[in-house]
Amino acid sequence: MTTISRAAKFAERTARLRASTIREMLKVTQQPDVISFGGGLPASELFPTEAIAEAVRVVMQLRGPAALQYSVTEGIPEMRQWVAQRLSRRVGHTLDAETVTIVNGSQQGLDLIGKIFLDPGDHVVLENPTYLGTIQAFDAYQARYLTVDTDEDGLLPESLERVLDHADPFPKLLYLVPNFQNPTGRTLSARRRESVVRICERFGLPIVEDDPYCELRFEGADLPSLISYQTTAPIIYLGTGSKIMAPGMRVAWLVIPDEEIREKIVLVKQGADLHSGTFAQYVFHQYVSDGAAFDAHVREIAQTYSRRRDVMSEALAEFMPEGVRFTRPAGGMFLWVTVPGVDTSELLRICAASKVVFVPGVSFYPGRDVHDGMRLNFSNASEKNIRIGVERLGHAITAYNR
Ligand SMILES: Cc1ncc(COP(=O)(O)O)c(C=O)c1O
């Protein structure tokens, strides 16, 4: 192993970067017989491999070298158009393709947002708990966090208002995942969506609406995206192909009506990677251009995950010791379990020995101060393994409590 020389010094922003519990845990996951509820992986058996192979063939035939050439930073026009049309249907008004920037995974979108908004010490308002990848992205810009309380219906507007009333310095951004949140699976209620938008409007606070799971709804009606409200609060919307097609494509999008923000994003993206992969964008676009087949594919994913959610909820009801609580999300890929009095990082050690793993909840709290939660992923294990895994989890909790 080599070490950095004495003269060379890492930038200060690297000091707070946290080793990922998830990465550590993935090492265990690779052992045979381990049932993993840990990663946030979609079901790979549902990837449309044959249709993508056909899309690759068509792209090479129709586009040839153009699909392999450098392209513009904003993304290929066909993809921007497709995103604008699909999101326009969802929000109920027309979004121009100009508002769309194609990014290399929404994770890159979060990094670019951090880059244009955050100076060291700046505040960002987050749900408590929130998506770990956002904490990691914003940590690199030395952000600090203000947290808003949440309940079964997502963040509490009165808590947001209180936080904004007292914030010093005033935050740069509010970040939230309104649909089937990672990690809790909770959805922000319709009434609260409008309140959140109005509060941010009043305070002039930009909103980052991260929405990777909206198309994976199992039941109930879609709720309005925050970007669907007429408001003066700047909204940056993030969507991704990762959960409805394949994460390895790294095709995702930012939708930003505000021109000034959009221009800054394009400038920093140029510096980061010039543009997202031309080839992946063409293949993605070719694949989704058969709208009926694509919609049927998304429905199939949602139906499979819905059954897995059911199996996991039923198994939790059967195998969890008394006092354990869990969410039953109406979509997405995760549910959240609360085990009062148990430090789930400790519990993970016992579980790893019994060959079942999850992500300890503490990772998702910016203050790293709540220890009794765990995130369970239900999209990536078979129904049979979900039952076996939850039974192992139940035994491990009983053993821990003994
Ligand atoms: C809330 C949230 N945002 C962003 C991402 C990153 O997605 P992408 O694959 O588009 O980078 C994820 C992935 O799990 C997520 O759950």
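Just so it is clear, the structure is predicted and the values come from calculations on it, not from any experiment.

A. Spotlight on the pairing of strand E4 (residues 144-148). Sheet analysis places strand E3 (residues 123-127) next to E4, joined by 5 bridges and oriented parallel. Across the sheet, residue His123 finds its bridge partner in E4, namely Arg144. With helix H5 (residues 132-139) bridging E3 and the parallel E4, this β-α-β connection has right-handed handedness.

B. Region of interest: the domain arrangement of the chain. Assigned domains of the chain: these are domain 1 (12-41 + 294-401) and domain 2 (51-289). Of note, the centres of domain 1 and domain 2, computed from C-alpha atoms alone, are 25 Å apart. If you look at the interface, domain 1 gives 33 residues, while domain 2 gives 32 residues. Between domain 1 and domain 2, a total of about 3,000 Å² is buried, with carbon and sulfur atoms accounting for 61% of that surface. Among the residues of domain 1 in contact with domain 2, Arg16, Phe294 and Pro366 are the three that bury the most area, contributing 22% of the side total.

C. Summary view of the state of the cysteines. By the definition in use, this model includes 0 disulfides. As a non-bridged cysteine, Cys214 has Cys200 as the owner of its nearest cysteine sulfur, 20 Å distant.

D. Expanded view of the sheet that holds strand E8 (residues 207-210). Spatially, the 7 strands line up as an open sheet ordered E2-E10-E9-E8-E7-E3-E4, and their pairing is mixed. Two strands lie at the open edges of the sheet, namely strand E2 (100-103) and E4, each paired on one side alone. Sheet twist, expressed as the mean angle between neighbouring strand axes with direction ignored, is 20°. Pairing of strand E9 (residues 235-240) with strand E10 (residues 252-255), which is carried by 4 bridges, proceeds in the antiparallel orientation. Residue Tyr237 lies in a different strand from E10, and its bridge partner there is Val255. In the packing of helix H6 (residues 157-166) onto the sheet, contacts are made with E3, E4 and strand E7 (173-176), and the angle to E4 comes to roughly 145°. Sitting on the sheet, helix H8 (residues 259-273) is in contact with E2, E9 and E10, with an inclination near 25° to E2.

E. Just the packing of aromatic side chains, in detail. All told, the structure shown has 10 aromatic pairs when counted by the stated rule. With centroids separated by 5.9 Å and ring planes inclined at 15°, the aromatic side chains of Phe170 and Phe203 adopt a geometry described as stacked. You can see Phe170 sitting in the loop between H6 and E7 and its partner Phe203 sitting in helix H7 (residues 190-203), a full 33 residues away along the chain. For Phe170, a relative accessible area of 34% puts it in the partly exposed group. Aromatic side chains Trp336 and Phe364 sit 6.0 Å apart centroid to centroid with 75° between the ring planes, which places their arrangement in the edge-to-face category.

F. Here's a closer look at helix H3 (residues 77-91). Here H3 spans 21 Å end to end across 15 residues, near enough to the 21 Å set by a 1.5 Å rise per residue. Within the span of H3, buried status applies to Met79, Arg80, Trp82, Val83, Ala84, Arg86, Leu87, Ser88 and Val91. Here the buried face of H3 lies against E2, E9, E10, helix H9 (278-288) and helix H10 (291-319). The first or second residue beyond H3 is Gly92, which carries a positive phi of 85°.

Conventions we followed
Chains are numbered independently. Their residues run from 1 in the order of the written sequence. The model is predicted, so local features are restricted to residues of pLDDT at least 70 and side-chain atom pairs to those at 80 or more, both for listing and for counting; the totals for chains, interfaces and linings are taken over all residues. Only hydrogens and water are set aside; all other atoms, that is, all heavy atoms of the structure, feed into the side-chain values. In this scheme, strands are said to pair when DSSP sees at least two bridges between them. Labels follow the DSSP assignment, with helices taken as runs of H or I lasting at least four residues and strands as runs of E lasting at least two, numbered in each case from the N terminus. Classification remark: right-handed applies to a crossover when, strands pointing away from the viewer, the course from the first strand over the helix to the second runs clockwise. Domains are outlined according to an automatic or database domain assignment. Note on definitions: a residue-residue contact is assigned when non-hydrogen atoms from the two residues lie within 4.5 Å. Buried area is understood as the total, over both parts, of accessible area removed when two parts are fitted together, assessed with a 1.4 Å probe. Two cysteine sulfur atoms form a disulfide, by the criterion used here, when they sit within 2.5 Å. Fitting a line to C-alpha atoms yields each axis, with helices limited to the stretch in contact; the angle taken between N-to-C directions then spans 0 to 180 degrees. Pairs were defined over the aromatic rings of Phe, Tyr and Trp, the Trp ring being its six-membered one, requiring ring centres within 6.5 Å. Orientation was assigned from the angle between planes: stacked under 30 degrees, edge-to-face over 60, tilted for the rest. Each residue gets one of three labels from its accessible area relative to the maximum for its type: buried under 20%, exposed over 50%, partly exposed in between, using a 1.4 Å probe on protein chains only. Each residue after the first adds 1.5 Å to the expected span of a helix.

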